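Tertiary structure, described
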Number of protein chains: 2
Amino acid sequence: MKLILIGFGVVGQGFAKILLEKGDDLGARHDFSAQIVGVVTASKGQLYHPDGLDIAHLLRTAETGSFADYPESELLQRDWDANDMILRGSADVLLEASPTNLQTAQPALATCHLALDQGLHIVLANKGPVALDYGGLRAKADARGLHMRYEATVMAGTPTMHLAQDALAGCAIRSARGILNGTTNYILTQMESGMTYAEALAQAQALGYAETDPTADVEGWDAAGKVLILANALFGSSLTMRDLDVRGITDISPEDIDQARQSSLRYKLIAEATPVGGMVSPQRLPVSDPLASVGGSTNAITLDTDLLGEITLIGAGAGKLETGYALLSDLMAIQRET
Amino acid sequence: MKLILIGFGVVGQGFAKILLEKGDDLGARHDFSAQIVGVVTASKGQLYHPDGLDIAHLLRTAETGSFADYPESELLQRDWDANDMILRGSADVLLEASPTNLQTAQPALATCHLALDQGLHIVLANKGPVALDYGGLRAKADARGLHMRYEATVMAGTPTMHLAQDALAGCAIRSARGILNGTTNYILTQMESGMTYAEALAQAQALGYAETDPTADVEGWDAAGKVLILANALFGSSLTMRDLDVRGITDISPEDIDQARQSSLRYKLIAEATPVGGMVSPQRLPVSDPLASVGGSTNAITLDTDLLGEITLIGAGAGKLETGYALLSDLMAIQRET
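Computed from a predicted structure; not experimentally measured. (Residues numbered from 1 in each chain as written. Chains lettered and ligands numbered in written order. Predicted model: local features only at pLDDT ≥ 70, side-chain atom pairs only at ≥ 80, totals over all residues. Heavy atoms only, no water.)

Regarding the pairing of strand E11 (residues 299–305) of chain A
All names here are of chain A. What counts here: Residue burial is assigned from relative accessible area. The probe radius is 1.4 Å, only protein chains are included, and a residue is buried under 20% of its type maximum, exposed over 50%, and partly exposed in between. Helix and strand assignments come from DSSP, with helices taken as H or I runs of at least 4 residues and strands as E runs of at least 2, each series counted from the N terminus. Whether two strands pair depends on DSSP finding at least two bridges between them.
Counting buried positions along E11 gives seven out of seven residues, so the element sits mostly inside the fold. Of the two faces of E11, both are covered, the one formed by Asn299, Ile301, Leu303 and Thr305 as well as the one formed by Ala300, Thr302 and Asp304. When strand E7 (residues 173–179) meets E11, the two strands line up antiparallel, connected through six bridges. Residue pairing across strands places Ile173 opposite Thr305, the latter belonging to E11. Taken together, the seven bridges between E11 and strand E12 (residues 309–315) define a ladder with antiparallel strand orientation. Looking at E12, one finds that Leu303 is bridged to Ile311. Between E11 and E12, which follow one another and run antiparallel, lie three residues.

Shown next as structure tokens:
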């Protein structure tokens, strides 16, 4: 399997590291082998080699912030962009792991369409294209018999989409509701231990959980992007951000948290998708709710099903290896099914 | 897919009910269709028809406690036992859903071996054969290119085995620990609300969660059977009951529960399998442990993995449709993979 990887930040490097360390094992136990033939980044440059790039070198040079030190070799291309690689190169799958843009999904969305047009499967960690144009991408992929997978976009590599779409086949899912943003859950958990919102946010930023501009997390937009993905993937909706009622956690005071605790309730930022819509909003959950005890940056989702009742999956929502694994698991699924 | 069903109690009837109600949908959406050609029971009699039995009739006559009222038709056999059906009939899969025997696994184990010898896939809800002879059955199935699946044996249809074996492919699982017996979890939850052990057990029996003889549940043997299944399936162990340290909940007093609660701890009967062994024992968990807040008859399992850290799955551990669905999901997996 030859791969073009767009983006070589935390997710791309995590994926490359897993391939490097587990490659032999994956070959022996799962008959899986993959080569990264191209990498495209906004800041480090780009590299393409038709016989595959050397992953150890790739990871080492990435640490310097530039691919300039990647060793020269015949057939190595340093100036191909994503379009060149898709049009002129030879690859089976496009991995989109560049930063998410929830306004336009570009430039990733155009790259994904081009890849499908050219017969490549697509695997996304970038939420933008899946949240904003699920229908368009799905229709194109289906029409061409190509795979489109996006396990990384919801709860990192915790197998949320796999659970909902494969493991529960034959069950009807009636709703999906969860804690899908680790940053806000971390902040709320710290506020329960007595911090103010500002203190908790500062700590989340110091630990790298929250961006310098935390708006997308704390105002609920990151979680809302995941609601769109779930609504599209599970219920065939074609919702847009405007259809969602989205509230974040910025208005929650220590007094609110304290009052809730006195009634044995816990504040959680809940994201929910149903067949008729979706929303993101802080909710006070009884401690008997499996979501109530999910603390720190951990994520969780509860699927309400017709045959099994409620199924809850709890796991990592971010992380280098955790998200890198999502790309691997999607590729392994594509290999099994083609 | 032609099926022989051994046992027509809660699980078998749940499975039949799902086939009856969802058959058309499963055909349309998943290209899945199955016929029950044979049913064998200890108390209701047996029925075999090469063109498939009428499921609605089957469910109705089962309510009377006997298949005697099942309508007569040409080619219907009323006196074939399981061996006759396997040897003389024509079926693709044997579904073993008769009551579990954790001492000898018989007569189910012999039936499963005969089915594999005759080229049938096997799907089990009966824990005995998987707990006591996993290695023997697996070797025979693999040698003949046949499937052996047993989702129902751990946490009913909650996709535990699917998660561990398919959805996490490529991850190494380091341990599996969970609340795998609903009866004892229900009793412990009621004791936390102030009941004595005897009161809680009586209530569990009144609600149908606990058997008249609750020994297998309260002394930990049911959970231990599941530990053997997990140890075999996830770690390739060949443990027997004698290798496990098994303690139940009969010694836990209201004072123990109360003392734990004062330290913000909760008693749970924890079943654990690792690459080097397994055990069942009551443990006091901090409320931050995802297993601590699993109340009532709900089950849960935490898998510790190399790439994703801890993944927890919470869901039903029993129930008619919940366990019936496990058989369906195994059959759908067999269909996908053959």
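With respect to the relation of the copies chain B and chain A
Worth spelling out the cut-off: When the copies are superposed, the least-squares fit draws on C-alpha atoms of residues that have pLDDT of at least 70 in both. By definition in these notes, contact holds between two residues if any of their heavy atoms fall within 4.5 Å.
When chain B is fitted to chain A, the residual RMSD is 0.0 Å, and the transformation amounts to a turn of 180 degrees plus an axial shift of 0.0 Å. Seen this way, the second copy is the image of the first under a two-fold rotation axis. Closest approach to the rotation axis within chain B is made by the C-alpha atom of B:Leu313, at a distance of 2.3 Å. When the interface residues of chain B are mapped onto chain A, 100% of them again fall at the interface, so both copies present the same face.

Comments concerning helix H6 (residues 160–167) of chain B
Summarising burial for H6(B): six of the eight residues are buried, a large majority. All of the buried residues along H6(B) are B:Thr160, B:Met161, B:His162, B:Leu163, B:Ala164 and B:Ala167.

Comments concerning the side chain of A:Asp222
Residue and element names in this part refer to chain A. Our working definition: For the purposes of these results, a polar contact is taken to be a pair of N or O atoms within 3.5 Å, where, inside protein, one atom must be able to donate a hydrogen and its partner to accept one; residues adjacent in sequence count only when each atom of the pair is a side-chain atom.
One can find Asp222 in helix H10 (residues 221–235). Separated by 2.8 Å, the side chains of Asp222 and Lys226 make a polar contact. Excluding its chain neighbours within four sequence positions, the residues that come into contact with Asp222 are Leu102, Lys127, Leu180, Asn181, Ala216 and Asp217.

A word on the sheet that holds strand E2 (residues 35–40) of chain B
All names here are of chain B. Read across the open sheet, the six strands follow the order E3-E2-E1-E4-E5-E6; overall the sheet is mixed. Since the sheet does not close on itself, it has two edges, and those belong to strand E3 (46–48) and strand E6 (148–149), each with one partner. With four bridges joining them, strand E4 (residues 93–96) and strand E5 (residues 121–124) adopt parallel strand pairing. If you follow Leu94 over to E5, its bridge partner there is Ile122.

Here we look at the environment of B:Ile187
Structurally, B:Ile187 can be placed in helix H7 (residues 182–192). In the structure, B:Ile187 is positioned 13 residues away from B:Ala200 in sequence and 5.1 Å away in space, judged by C-alpha atoms.

As for the interface of chain B and chain A
Rules: Note on terms: buried area is the combined drop in 1.4 Å-probe accessible area of two parts once they are placed together, counting the loss on both. The salt bridge definition used is simple: a Lys or Arg side-chain nitrogen within 4 Å of an Asp or Glu carboxyl oxygen.
Across the contact, 34 residues belong to chain B and 34 residues belong to chain A. Interface area for chain B against chain A, summed over the two sides, is near 2,700 Å², with a carbon-plus-sulfur share of 62%. Counting the contacts that link chain B with chain A gives two salt bridges. Close ionic contact of B:Asp306 with A:Lys22 constitutes a salt bridge, the shortest N to O distance being 2.6 Å. Those elements that provide at least two residues to the side of chain B that touches chain A are helix H1 (10–30), H6, strand E12 (309–315) and helix H12 (320–337) of chain B. Per-element tally for the side of chain B that touches chain A: the top contributor is E12(B), with six residues.

A word on the sheet that holds E11(A)
An order of E8(A)-E10(A)-E9(A)-E7(A)-E11(A)-E12(A)-E12(B)-E11(B)-E7(B)-E9(B)-E10(B)-E8(B) is seen for the twelve strands of this open sheet, with the pairing classed as mixed. Looking at which strands have only one partner, the edges of the open sheet turn out to be strand E8 (245–246) of chain A together with strand E8 (245–246) of chain B. Pairing of E8(A) with strand E10 (residues 277–286) of chain A involves two bridges; the strand directions are parallel. The partner of A:Asp245 across the bridge, within E10(A), is A:Met279.

Let's talk about unusual backbone geometry
That bond from A:Gln106 to A:Pro107 is cis: its omega, 0 degrees, falls within 30 degrees of zero. By the secondary structure assignment, A:Pro107 is in the loop between strand E4 (93–96) and helix H4 (108–117). Not every positive phi belongs to a glycine, and A:Leu75 is a case in point at roughly 75 degrees. Here A:Leu75 is to be found in the loop between helix H2 (55–63) and helix H3 (82–88). We note that B:Ala105 has phi near 65 degrees; this positive angle belongs to a residue other than glycine. You can see B:Ala105 is positioned in the loop between E4 and helix H4 (108–117).

With respect to the packing of helix H6 (residues 160–167) of chain A against H6(B)
What counts is decided by this rule: Geometry is summarised by axes, namely lines fitted to C-alpha atoms with helices restricted to the contacting stretch, and by angles between N-to-C directions that run from 0 to 180 degrees. Left-handed describes a crossing whose near helix is turned anticlockwise from the far helix through less than a right angle; right-handed describes the clockwise counterpart. Classification used: nonpolar for Ala, Val, Leu, Ile, Met, Phe, Trp, Tyr, Cys and Pro, charged for Asp, Glu, Lys and Arg, polar for all others including Gly.
Two numbers describe how H6(A) lies on H6(B): the axes approach to 11 Å, and their chain directions differ by 115 degrees. Crossing geometry of H6(A) relative to H6(B) is assigned as right-handed. Where H6(A) approaches H6(B), its residues A:His162, A:Asp166 and A:Ala167 are matched on the opposing element by B:His162, B:Asp166 and B:Ala167. Among the residues making up the contact of H6(A) with H6(B), the classes are represented as two nonpolar, two polar and two charged.

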